[in-house]
Amino acid sequence: MNQEMDARKPDDDQVSNSLSAPAPDKIDYVFKVVVIGDSAVGKTQILSRFAKNEFCLDSKSTIGVEFQTRTIIIAGKVIKAQIWDTAGQERYRAVTSAYYRGAHGAMVVYDITKRQTFDHVARWVEELKIHADASIVITLVGNKADLAESRAVPTEDAVEFAEEQGLFFWEASARSGENVESAFLRLLEEMYKVVSKKALGFGDGGVVVKEGLRIELAAGSDLEISEMRNVSSCASSSC
Ligand SMILES: Nc1nc2c(ncn2[C@@H]2O[C@H](COP(=O)(O)OP(=O)(O)OP(=O)(O)O)[C@@H](O)[C@H]2O)c(=O)[nH]1
Ligand SMILES: [Mg+2]
C-alpha cells in the first residue's frame, strides 16, 4: 500500500538509479540519511533491500553503527546515498548527536504489527528535532506490510501522525520489497530539492552548495562513534 503523504511522485525522467556505483570522481553529492526506530522493526533489512536488493529473515540486532551506500541519479546529478543504521536497542546505541550530524534525511521506521513501535515514533522524531539539522527531510515508514493479517497499527493512525508532523509516509515491506525503493527515492529527491534551494541562496545558510561542486554532507572522520562498520546486514551464514 502506498500512503505517501505528498501526492507528488518522483519524476521518472529525473530519477534513475543503479546498484553499481559509478567512479567516485563522478559523484556530485554525498547525502547522509539516518535510519532510526525501535529494535527489530526492520531498519537493517529495509536498508539492505535498498542498497543491495537483499533480505535476511534471520537478521541479528545491529550493534553500534553501520552504513551502506547506493548511487542514484537525480536531475542529472550523481548522488551517493550514504545510509546509516544503528541499533534500536538502547543498550547498543553507541551514538547520540554524532550519528545525526550532517544528516539531511531520516527514515523513522516502525513495525505495523507492533503497536508499541508506532507509539515510540514520536520520541524518535523528537530526537531528530533535538540533534539533527532543522531542514532535515523525514520519512515515516510502517514496515512489514507483508504481515497485514497481523496488523496492529491502522494506516489512518500513521497518516494522521505524519500529517501533523509534516512527514512523508509509506507502508513498506523489506521482505517483499514493496515501496522500499519508492520511499528512499522520494526522500532523496526531496533532500536534493532542499540542497538545491540552499545552493540558490534560499536556504537557512546551513550548507552552501554551488553547481558542479562536490560536497560532503555526511559527517567526516571526527565522528565520536565507537564502532562504525560497513558490513553485511545478515549475521547468519545461511542468508
Ligand atoms: N515479515 C517481515 N519480516 C521482516 C521485515 N523486515 C525485517 N523483518 C524481520 O524482522 C527482524 C528484525 O529485522 P532487523 O532489520 O534486524 O531489525 P532492526 O530494526 O535493524 O533491529 P535492531 O538492529 O535491533 O535495531 C528480522 O527477523 C527480519 O528478518 C519485513 O518487511 N517483513
Ligand atoms: Mg539493525
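Keep in mind the model is a prediction, meaning the values are calculated, not measured. (Residues numbered from 1 in each chain as written. Chains lettered and ligands numbered in written order. Predicted model: local features only at pLDDT ≥ 70, side-chain atom pairs only at ≥ 80, totals over all residues.)

## What about the overall build of the chain?
Here comes step 1: Within the chain, the regular secondary structure consists of six helices and nine strands.
Here comes step 2: Nonlocal contacts in the chain, meaning residues at least 24 apart in sequence, comprise 77% of its contacts between residues at least 6 apart. (Helix = DSSP H or I, 4+ residues; strand = E, 2+ residues; numbered from the N terminus. Contact = placed C-beta atoms within 7 Å.)

## Topic: unusual backbone geometry
Here comes step 1: At asparagine 53, a residue that is not glycine, the phi angle is positive and equals roughly 55°.
Here comes step 2: Its place among the elements puts asparagine 53 in the loop between helix H1 (43–52) and strand E3 (65–74).
Here comes step 3: C-beta crowding within 10 Å serves as the criterion here: with 12 such atoms nearby, asparagine 53 is assigned to the exposed category.
Here comes step 4: At lysine 144, a position not held by glycine, the phi torsion is positive, near 70°. (Buried ≥ 20, exposed ≤ 12 C-beta atoms within 10 Å, placed from the backbone.)

## Topic: the site of ligand 1
Here comes step 1: Around ligand 1, the surrounding shell holds 22 residues, and the nearest of these are Gly42, Ser59, Ser61, Thr62 and Gly88.
Here comes step 2: At three residues, the largest contribution of residues to the shell around ligand 1 is made by H1.
Here comes step 3: Partitioned by chemical class, the residues of the shell around ligand 1 number seven nonpolar, eleven polar and four charged. (Near = placed C-beta within 6 Å. Nonpolar A, V, L, I, M, F, W, Y, C, P; charged D, E, K, R; others polar.)

## Observations concerning the confidence of the model for the chain
Here comes step 1: The share of residues in the chain with pLDDT of 70 or more is 70%, and the mean pLDDT across the chain is 80.
Here comes step 2: Across residues 1–13, where pLDDT falls below 50, the model places 25 contacts with residues more than four positions away in sequence or in other chains. (pLDDT = per-residue confidence, 0-100.)

## Things to note about the pairing of strand E4 (residues 77–86)
For a regular strand, the rule is simple: side chains alternate between the two faces of the sheet.
Here comes step 1: Burial analysis of E4 places eight of its ten residues in the buried class, which makes it a mostly covered element.
Here comes step 2: The pairing of strand E2 (residues 29–36) with E4 spans seven bridges and is parallel. Counterpart to valine 35 in the pairing with E4 is aspartate 85.
Here comes step 3: If you look at the hairpin formed by E3 and E4, you'll find two residues sitting between the two strands, and alanine 75 has a positive phi there, around 50°. (Pairing = 2+ DSSP bridges.)

## Examining the nonpolar core
Here comes step 1: Judged by nonpolar contacts, the single largest core of 54 residues is most densely connected at Val33, Val34, Val35, Ile46, Ala106, Leu140 and Leu188.
Here comes step 2: For this core, the leading source of residues is helix H6 (residues 180–199), giving ten residues.
Here comes step 3: Sequence-distant contacts of leucine 188, defined by excluding residues within four places in its chain, comprise Phe31, Ile72, Ile74, Ile79, Ala81 and Gly105. (Core = buried A, V, L, I, M, F, W, Y, C linked by C-beta atoms within 7 Å.)

## Section: the environment of phenylalanine 31
Here comes step 1: Looking at the secondary structure, you find phenylalanine 31 in strand E2.
Here comes step 2: Separated by 71 residues in sequence, phenylalanine 31 and glycine 102 have C-alpha atoms that sit 8.7 Å apart.

## A word on the pairing of strand E7 (residues 168–171)
Here comes step 1: Judged from the four bridges that link them, strand E6 (residues 137–143) and E7 form a sheet pairing that is parallel. Pairing of threonine 139 across the sheet is with phenylalanine 168, part of E7.
Here comes step 2: Between the parallel elements E6 and E7, the chain passes through helix H5 (residues 155–165) in a crossover that is right-handed. (Right-handed = clockwise from strand over helix to strand, strands pointing away.)

## Observations regarding the environment of glycine 76
Here comes step 1: Tracing the chain through its elements places glycine 76 in the loop between E3 and E4.
Here comes step 2: Using a count of 9 C-beta atoms within 10 Å as the deciding quantity, one classes glycine 76 as exposed.
Here comes step 3: Linking glycine 76 and aspartate 28, residues 48 residues apart in sequence, is a C-alpha distance of 9.6 Å.

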